[in-house]
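# Residue-level structural notes
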Amino acid sequence: MAHAIKFHPGMALLEQYAEGTLSADVALAVAAHIDLCPHCQRLSQDITTDLAGQLAQQRVKKDPHDWSDMLAAIMAEPAMAKAELQAEQHKAQRAAYEPIVVNQRQFMLPRALQRLASNHGKWLTLGGIATAKLPAGGEHHVSLLYIDKDTEVPQHTHLGLEMTLVLSGKIADENGEYCAGDLLINSPDDTHTPRTLANEDCLCLSVLSAPLQFKKGLTRLLNPLQQFFY
Ligand SMILES: [Zn+2]
């Protein structure tokens, strides 16, 4: 990837991801970001290694004379090698993967999304925007969001958490410009008007814990809009 990713999940989310304490849909967005971001791949590996070390130490500390525990800790180490092997296998699988097609464009998705995205719901379109639900199985609304070039998502605020992972292309709002791999996390305090650039469309993963709340225009027109995005 030519550009540098600027917006990362942050250490707290990466740690919770490694510990397996995130909800499935938030974990999905973090996993997909890690797939796209070498920086967070390294951090995740370090966190996982630390966690494994802590676990092994806890087992040994419990009773230094309990050889079965120490043996178990030593035996657990090859699991790391197994993880590396799996990573290689995933790389091989990626080559055989079918891209997502929307607006006659093909998009390759990160590995973490591929299986789920192959079961996406019907594309619904509104102006230059298209959305398809993903059966992520968590409590949040998870969807693929396609925005055609030179298109604006009406200004909105968030009734809950909004996570947007840019998968392809670029998107900009009042706070900056986001490229493939960037993960935007917006809370109820943030109001923004995302738009695509004049010459490039954009595909995102969207995770919403509550509907968006649109700020401008007639309420009777905005209600269907709210339903469209959620
Ligand atoms: Zn990152």
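Bear in mind that the values here come from a model prediction, so they are computed numbers and not experimental data. (Residues numbered from 1 in each chain as written. Predicted model: local features only at pLDDT ≥ 70, side-chain atom pairs only at ≥ 80, totals over all residues. Heavy atoms only, no water.)

For helix H2 (residues 24–36), with 13 residues, the first-to-last C-alpha span of 19 Å sits near the 18 Å given by 1.5 Å per residue. Buried residues dominate H2, accounting for 12 of its 13 residues. Looking only at H2, the buried set comprises Asp-25, Val-26, Ala-27, Leu-28, Ala-29, Val-30, Ala-31, Ala-32, His-33, Ile-34, Asp-35 and Leu-36. (Helix = DSSP H or I, 4+ residues; strand = E, 2+ residues; numbered from the N terminus. Expected span 1.5 Å × (residues − 1). Buried < 20%, exposed > 50% of the residue type's maximum accessible area, 1.4 Å probe, protein only.)

Our focus in this paragraph is unusual backbone geometry. At Gln-104, a position not held by glycine, the phi torsion is positive, near 60°. Tracing the sequence through the fold places Gln-104 in the loop between strand S1 (100–102) and strand S2 (105–107). When its relative accessible area of 78% is taken as the criterion, Gln-104 is described as exposed.

Attention now goes to the UniProt feature "domain: Putative zinc-finger" (unreviewed entry) in the protein chain. In this numbering, the UniProt entry assigns the feature "domain: Putative zinc-finger" (unreviewed entry) to residues 12–41. The distance separating the terminal C-alpha atoms of residues 12–41 is 15 Å; by composition the span is 83% helix and 0% strand. (UniProt positions renumbered as here; feature names shortened; annotations may be inferred.)

Here the focus is the coordination of the zinc ion. Within the protein, the atoms that donate to the zinc ion are His-8 (ND1), His-33 (NE2), Cys-37 (SG) and Cys-40 (SG), at distances of 2.1 to 2.3 Å. One way to put it: the 4 donor atoms around the zinc ion meet at angles of 101 to 117°, and that makes the site tetrahedral. (Donors = N, O, S within 2.8 Å, 3.2 Å for Na, K, Ca; no water. Tetrahedral: all angles 85-135°; square planar, octahedral: opposite > 155°, others 65-115°.)

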